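# A structural walkthrough
Spelled out, the chains give:
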Amino acid sequence: MQRFKYFYKQFLKEPLWFKILVLTALVIAVVFSSSGFSTNVQSVAKLAAAIFFCTYAIKFRKQVRISGAFYVLAGLCLYVAWDRL
């Protein structure tokens, strides 16, 4: 529980544009990833997930392993989104 409070406080210290970008990308990725939508809309959700992961990869660029993991996840999202189009 302590880690969650730490990450929440860290998130609140971020600039407003970062909060808006991350939250918007996360909401789009979650909402439009439903199987009820067409494949084009699901691809938009995967692109939003890639933006989310790239944002955090850039944020954690000083921690190479964490940043690399986020870049790999973003690459996978881009591959799956491109494959569906």
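First, a word on what this report is: a plain description of the structure on this page. Note that the structure is predicted; figures quoted are calculated from it, not measured.

A complete count under the given rule lists 9 aromatic pairs for this structure. Arranged with centres 5.5 Å apart and planes meeting at 80 degrees, the rings of F18 and Y56 form a pair that is edge-to-face. Placement of the pair is F18 in helix 2 (residues 16-31) and Y56 in helix 3 (residues 39-59), with a sequence separation of 38 residues. Seen in terms of ring centroids, F32 and F37 are 5.3 Å apart; in terms of plane orientation they differ by 80 degrees. Their pairing is edge-to-face. Since its relative accessible area comes to 34%, F37 is described here as partly exposed. A network of ring pairs unites the aromatic residues W17, F18, F52, F53, Y56, F60 and F70 as a single cluster. Here K59 stacks its cationic end above the ring of F60, 5.2 Å away from the centre of that ring.

Helix length check: helix 3 (21 residues) gives 30 Å between terminal C-alpha atoms against 30 Å at 1.5 Å per residue, within 8%. Along helix 3, the residues classified as buried are Q42, S43, A45, K46, A48, A49, A50, F52, F53, T55, Y56 and A57.

Below, the discussion takes up the side chain of S67. Structurally, S67 can be placed in helix 4 (residues 64-84). Of the residues examined, S67 reaches a relative accessible area of 6% and is grouped as buried. Among the polar contacts listed, one links the side chain of S67 to the backbone oxygen of A57, at a separation of 3.0 Å. In this structure S67 touches A57, F60 and R61, once residues within four positions along its chain are discounted.

Rules and cut-offs
- Residues numbered from 1 in each chain as written.
- Predicted model: local features only at pLDDT ≥ 70, side-chain atom pairs only at ≥ 80, totals over all residues.
- Heavy atoms only, no water.
- Phe/Tyr/Trp six-rings, centres within 6.5 Å; stacked < 30°, edge-to-face > 60°.
- Helix = DSSP H or I, 4+ residues; strand = E, 2+ residues; numbered from the N terminus.
- Buried < 20%, exposed > 50% of the residue type's maximum accessible area, 1.4 Å probe, protein only.
- Lys NZ or Arg CZ within 6 Å of the ring centre and 35° of its normal.
- Expected span 1.5 Å × (residues − 1).
- Polar contact = N/O pair within 3.5 Å; in protein donor to acceptor, adjacent residues only side chain to side chain.
- Contact = heavy atoms within 4.5 Å.

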